[in-house]
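Listed below are the residues making up each chain.
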Amino acid sequence: MFYYDWTLILIIPGLLLGLWAQFKVKAAYAKYRKVGTQRGVTAEQVAKDLLSRDGNSGVAIEPIAGELTDNYDPRANVLHLSQGVYGNNSIAAIGIAAHECGHAMQDRHSYGPLKLRSPVVNIGSNLYFPIFLAGILFSWRPLMTVGILCFAVTLVFSLVTLPVEFNASKRAVATLAQGNYVSEEELRGVKAVLNAAALTYVAAAISSLLQLIRLLILSRNSRD
Ligand SMILES: [Zn+2]
């Protein structure tokens, strides 16, 4: 059955879209990290301001190693800004910092979809394939079904990530414009960086969806 596994074709669109999205993020980041804003405030200072405007002074802002590793950790209440962002005043750095502040705002205002993002679902993404493969090899349907269900949880996670990410970027753009941290022209650069980042999540969701379709086809064909 694996000799004629035409369903592998289903993996290609997601893979290509993912690579394209990665390329777009790198290109947008490389372009706008070199352009400083007129106001010249650093990303760390902008993050501090945006959080305090939101009445959220309990969040610590700390630097983190690596490139584009920025994140907000709701459990530790820490906003991590990567090396290229933390003390930087570029359009890219300001946009990324504001996006992470968007997640902190979601947390503070109990934005529903954020709560659905839990590390538990990551277990399903690692376990599904060995389980599903064992089900195929032993032609044992219940095992295939368990594998597919594990993967379906991963897909839900992938889909829930979309509104969370789009909403954080929306909050970032709105608060940056309100506080006049960037000019209208600069805001276009912020949007270019954040939209490219959002595209990587869209690519991941589409990949997961196609993979689920593939698993369903494989499990149905294994009956023959
Ligand atoms: Zn995000």
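An account of the accompanying structure is given in this report. Numbers given for residues are sequential positions, taken from 1 along each chain in its written order. This being a predicted model, a pLDDT of at least 70 is required before a residue's local features are given, and a value of 80 or more before pairs of side-chain atoms are given or counted; all residues contribute to the totals for chains, interfaces and linings. Water and hydrogen atoms play no part in the side-chain values, which are based on all heavy atoms of the structure.

Okay, the coordination of the zinc ion next. Distances from the zinc ion to its protein donors, namely His99 (NE2), His103 (NE2) and Glu165 (OE), fall within the range 2.0 to 2.1 Å. A donor here means any N, O or S atom no more than 2.8 Å from the metal (3.2 Å for Na, K and Ca); water is not included, so a site may seem to lack partners. In the primary structure, the donors to the zinc ion are separated according to the pattern H-x3-H-x61-E. Here His103 and His99 lie together in helix 4 (residues 91-108), a separation of four residues that amounts to about one turn. Note on accessibility: His99 and His103 belong to one class, buried. Each helix is a run of H or I in the DSSP string that is no shorter than four residues. Each strand is a run of E no shorter than two, and both are numbered from the N terminus. For every residue, the accessible area obtained with a 1.4 Å probe (protein chains only) is divided by the maximum for its type, and the residue is called buried under 20%, exposed over 50%, and partly exposed between those limits.

The N-to-C vectors of helix 2 (residues 43-53) and helix 4 enclose an angle of 30°; their axes lie 9 Å apart at closest approach. With respect to helix 4, the element helix 2 is oriented roughly parallel. For the element pair helix 2 and helix 4, the recorded crossing hand is right-handed. Seen from helix 2, the contacting residues are Ala43, Val46, Ala47, Leu50 and Leu51; seen from helix 4, they are Ala93, Ile94, Ala97, Ala98, Cys101, Ala104 and Met105. Residue composition of the contact of helix 2 with helix 4, grouped by class: 12 nonpolar, no polar and no charged. As a rule, the C-alpha atoms of each element are fitted with a line to give its axis, helices using only the stretch in contact, and angles between N-to-C directions run from 0 to 180 degrees. Roughly parallel covers angles under 35 degrees, roughly antiparallel covers those over 145, roughly perpendicular covers 65 to 115, and oblique covers all other angles. Definitions for this section: a left-handed crossing has its near helix turned counterclockwise from the far helix by less than a right angle. A right-handed crossing has that turn clockwise. A contact between two residues is defined here by any heavy atoms of the two lying within 4.5 Å. Think of it as three bins: nonpolar holds Ala, Val, Leu, Ile, Met, Phe, Trp, Tyr, Cys and Pro, charged holds Asp, Glu, Lys and Arg, and polar takes everything else, Gly as well.

What follows covers unusual backbone geometry. Residues other than glycine seldom take positive phi values, yet Leu68 does so here, at roughly 55°. Note that Leu68 resides in the loop between strand 1 (60-64) and strand 2 (71-73). On the basis of relative accessible area, Leu68 is assigned to the partly exposed category, the value being 33%.

Right, let's get into the packing of aromatic side chains. Pairing of aromatic rings covers Phe, Tyr and Trp, the last through its six-membered ring, and needs centres within 6.5 Å; plane angles under 30 degrees mean stacked, over 60 mean edge-to-face, and all others mean tilted. Under the defined criterion, the tally for this structure stands at two aromatic pairs. Ring geometry for Tyr128 versus Phe129: centroids 5.8 Å apart, planes at 75°, classification edge-to-face. Taking the centre distance of 4.5 Å and the plane angle of 55° together, the rings of Tyr128 and Phe151 count as tilted. Of this pair, Tyr128 sits in helix 6 (residues 120-137) while Phe151 sits in helix 7 (residues 141-178), placing them 23 residues apart in sequence. On the basis of relative accessible area, Tyr128 is assigned to the buried category, the value being 11%. Among the aromatic residues, those joined into a ring-pair cluster are Tyr128, Phe129 and Phe151.

This paragraph deals with the nonpolar core. Leu50, Leu79, Val85 and Leu176 are the most contacted members of the largest nonpolar core, which totals 35 residues. For this core, the secondary-structure elements that each account for two or more residues are helix 1 (11-32), helix 2, strand 3 (78-82), helix 4, helix 7 and helix 8 (184-221). It is helix 4 that contributes the most residues to this core, 10 residues altogether. Not counting chain neighbours up to four residues away, the residues in contact with Val85 comprise Tyr29, Ala43, Asp70, Ala93, Ile96 and Ala97. Formed by 12 residues, the second largest nonpolar core is a distinct cluster that contains Ile131, Ile136, Cys150 and Leu218. In these notes, a set of buried Ala, Val, Leu, Ile, Met, Phe, Trp, Tyr and Cys residues joined through side-chain atoms within 4.5 Å is what counts as a nonpolar core.

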